[in-house]
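# Analysis of the macromolecular model
Next come the chains, spelled out residue by residue.
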Protein chains: 2
Amino acid sequence: MTTQLGVDQSIGQRLLDAAIDHFGQKGLEGASTRAIAAAAGTTMSSITYHYGGKEGLYLAAVRHIASRIGERLDPVLPASRDLTAQDSGPEAASREVLSIVDHFLEIILRPESEAWARLIVREQMGPTVAFDALYGGVMGRAIEPLSALLVRIGEGRWDDTEARLKALAIMGQALVFRVGRATLLRAAGWTDVDAEGSAAIRRVVLTQTSAVLTDRGEGVPR
Amino acid sequence: MTTQLGVDQSIGQRLLDAAIDHFGQKGLEGASTRAIAAAAGTTMSSITYHYGGKEGLYLAAVRHIASRIGERLDPVLPASRDLTAQDSGPEAASREVLSIVDHFLEIILRPESEAWARLIVREQMGPTVAFDALYGGVMGRAIEPLSALLVRIGEGRWDDTEARLKALAIMGQALVFRVGRATLLRAAGWTDVDAEGSAAIRRVVLTQTSAVLTDRGEGVPR
DNA sequence: GTCTATACTACGATAGAC
DNA sequence: GTCTATCGTAGTATAGAC
């Protein structure tokens, strides 16, 4: 961080924005510091000054993303006290799960999420020092409360690990529409995901999530 | 391809294996031709000779992966004739969907899939010339029959696009356990996915898929 | 604080020896 | 066919001017 916390685009801030863009599109190795600096209207050496180098800038970019998503996600996540103290029934818990998934979808489907989605997925498959910030700020923040809600919904049918796996699978239903965007477009015959497309995706994911929550498990194979 | 199709590791073959490994771990830009050549026990210039350059080697690696997965997937996919001609009921179609998902999971969860999973996901988020080979060989090959089966299962409730979105969401439930591996390990508190873990994942995904298929949509929110 | 100039390393491509 | 040698480019880092 610079000592100057100017509201209007400081050089450090412009570098960060450009970094998210470039790292997201070309990855850590693919992006060039000169190109990032040029996009921010400055030169490469200011990256060294502000962030200590390419890796430092990358870490800062991931942390920035994590906190931004965290901000968006927080208002809809039940605080931890609600999960332990309050003992509302599985129906209320189900509604809460659907609300979380819905907001998660809303965040995921907006066009701006494309840049940072790439960063997150890359981090998933080859975790660097930045992964901790990402898990704590995004993935874990959603999975923990979801798992707790699922345990309540399951009413003893699912243990803690099983609930976490279920939470991940539910998130996967939503995430595939961002991570597998190229396949989505090809499979649906779309050129982009417009408002109508988003609504259709939202309908499908919420319907399937609802089905998963109300299922009593009679249809299990073998 | 070399003129010599030696069963035992030709240089072209060794280059291909090394390429899948390196490109998978560091991406197209991140991997270096010298390192790949060294791993294959040869020098950089043989890449030019055999594949015309770095891009050619990358394309060959992706195509190789696509055909290998296609081989594994093909036996369990219903041939297209079965989907149009035969008119078995939704129950048979449901069993077929579960079988496809199960085999898909089996492929996805095996440790060897880690290397090429990275390649595929990178291609998803920044499609290059190799994407066509990948969609035709892997993603499309699974989604098309799945969608057709879902249309039959839905019995008029879902149109073609909706069925494709549902197919993608179902695949997403499985894919998240490969793509989000780092989050999975962290959330479940595992150090790796052992046989027991795989079984638990398989149980969860198949149960949820089954729930989605049998759902009649009464629980839809709003 | 920010930029210019420069040092050094590694990349991919290619020409030519064997 | 495979390797060595070399070229041009682009990467990060750093010292120093302003």
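Since the structure is predicted, the reported quantities are computational estimates derived from the model, not experimental observations. (Residues numbered from 1 in each chain as written. Chains lettered and ligands numbered in written order. Predicted model: local features only at pLDDT ≥ 70, side-chain atom pairs only at ≥ 80, totals over all residues. Heavy atoms only, no water.)

### Brief notes about the protein's contact with DNA strand C
In the vicinity of DNA strand C there are 17 residues, among which T42(A), H50(A), T33(B), R34(B) and K54(B) approach most closely. Put simply, 45% of the atoms of DNA strand C that lie within 4 Å of the protein are in sugar or phosphate. One of the side-chain nitrogen or oxygen atoms of S45(A) is found 3.2 Å away from a base oxygen of DNA strand C. Of all elements in the fold, only α3 (45-51) of chain A together with α2 (33-39) and α3 (45-51) of chain B reach the threshold of two or more residues within the surface near DNA strand C. A total of four residues in the surface near DNA strand C trace back to one element, the largest contributor, which is α3(A). Broken down by class, the residue content of the surface near DNA strand C amounts to four nonpolar, 11 polar and two charged. (Near = heavy atom within 4 Å. Polar contact = N/O pair within 3.5 Å; in protein donor to acceptor, adjacent residues only side chain to side chain. Helix = DSSP H or I, 4+ residues; strand = E, 2+ residues; numbered from the N terminus. Nonpolar A, V, L, I, M, F, W, Y, C, P; charged D, E, K, R; others polar.)

### Brief notes about the packing of aromatic side chains
In total, this model carries four aromatic pairs over all chains according to the counting rule given. On the basis of an interplanar angle of 35 degrees and a centroid distance of 6.2 Å, the ring pair of F131(A) and Y135(A) is categorised as tilted. Note that F131(A) and Y135(A) are positioned in helix α8 (residues 131-154) at a spacing of four residues, about one turn of the helix. Pair check on accessibility: F131(A) and Y135(A) agree, each one buried. With a centroid separation of 5.2 Å and 90 degrees between ring planes, the pair formed by F23(B) and Y58(B) is classed as edge-to-face. (Phe/Tyr/Trp six-rings, centres within 6.5 Å; stacked < 30°, edge-to-face > 60°. Buried < 20%, exposed > 50% of the residue type's maximum accessible area, 1.4 Å probe, protein only.)

### Considering the interface of chain A and chain B
Facing 55 residues of chain A, the contacting portion of chain B comprises 55 residues. Taking both sides of the interface into account, the surface hidden between chain A and chain B amounts to around 4,900 Å²; carbon and sulfur atoms contribute 66%. Ranking the residues of chain A by area buried against chain B places M125(A), L165(A) and R186(A) at the top, with a combined share of 14%. Across the chain A-chain B interface, the total number found is two salt bridges. Close ionic contact of R186(B) with D132(A) constitutes a salt bridge, the shortest N to O distance being 2.8 Å. Here chain A is connected to chain B by 10 residue pairs in polar contact (both at pLDDT 80 or more). When residues of the side of chain A that touches chain B are traced back to their parent elements, those giving at least two are α1 (11-30), α6 (90-109), α7 (113-125), α8, α9 (160-179), α10 (181-188) and α11 (195-214) of chain A. (Contact = heavy atoms within 4.5 Å. Buried area = accessible area lost by both parts, 1.4 Å probe. Salt bridge = Lys/Arg side-chain N within 4 Å of Asp/Glu carboxyl O.)

### Regarding the relation of the copies chain A and chain B
The operation relating chain A to chain B is a screw motion whose rotation component is 180 degrees, with 0.0 Å of axial translation and a residual RMSD of 0.2 Å. Both copies are brought into coincidence by an operation consistent with a two-fold rotation axis. Of all interface residues in chain A, 100% are interface residues in chain B too; the two copies therefore contact each other through one and the same surface. (Least-squares fit on C-alpha atoms with pLDDT ≥ 70 in both.)

### Quick notes on the protein's contact with DNA strand D
Close to DNA strand D lie 16 residues, the nearest being S32(A), T33(A), R34(A), T42(B) and H50(B). Among the atoms of DNA strand D lying within 4 Å of the protein, the sugar-phosphate backbone contributes 53%. S32(A) has a polar side-chain atom sitting 3.3 Å from a phosphate oxygen of DNA strand D. H50(B) has a polar side-chain atom sitting 2.7 Å from a phosphate oxygen of DNA strand D. Looking at the surface near DNA strand D, the elements that each hand over two or more residues are α2 (33-39) and α3 of chain A together with α3 of chain B. In terms of residue count, α3(B) provides more of the surface near DNA strand D than any other element does, four residues in total. Here the residues of the surface near DNA strand D sort into three nonpolar, 11 polar and two charged.

### Regarding the side chain of T183(B)
Residue placement: T183(B) occurs in helix α10 (residues 181-188). Residues within four places of T183(B) in sequence aside, it is in contact with Q124(A), F131(A), Y135(A), M139(A), I143(A) and L168(A).

### A word on the pattern of salt bridges
All names here are of chain B. Here the structure, examined in full by the defined rule, presents 16 salt bridges over all chains. Of the charged contacts, one joins R141 and D74 as a salt bridge, the two residues approaching to 3.0 Å between their closest N and O atoms. Of this pair, R141 sits in helix α8 (residues 131-154) while D74 sits in the loop between α4 (54-73) and α5 (80-84), and the two are 67 residues apart along the sequence. Using a relative accessible area of 29% as the deciding quantity, one classes R141 as partly exposed.

### Some details on the environment of S210(A)
All names here are of chain A. Inspection of the secondary structure assignment puts S210 in helix α11. Overall, the relative accessible area of 5% leaves S210 in the buried class. Residues S210 and S94, spaced 116 residues apart in sequence, show a C-alpha to C-alpha distance of 7.8 Å.

### Overview of the nonpolar core
With 150 residues, the main nonpolar core has F23(A), F177(A) and F177(B) as its most contacted residues. Here F177(B) is in contact with L165(A), L168(A), A169(A), L109(B), L184(B), I201(B) and V205(B), once residues within four sequence places are set aside. Residues M125(A), V179(A), V121(B) and M125(B) belong to the second largest nonpolar core, which totals six residues. (Core = buried A, V, L, I, M, F, W, Y, C linked by side-chain atoms within 4.5 Å.)

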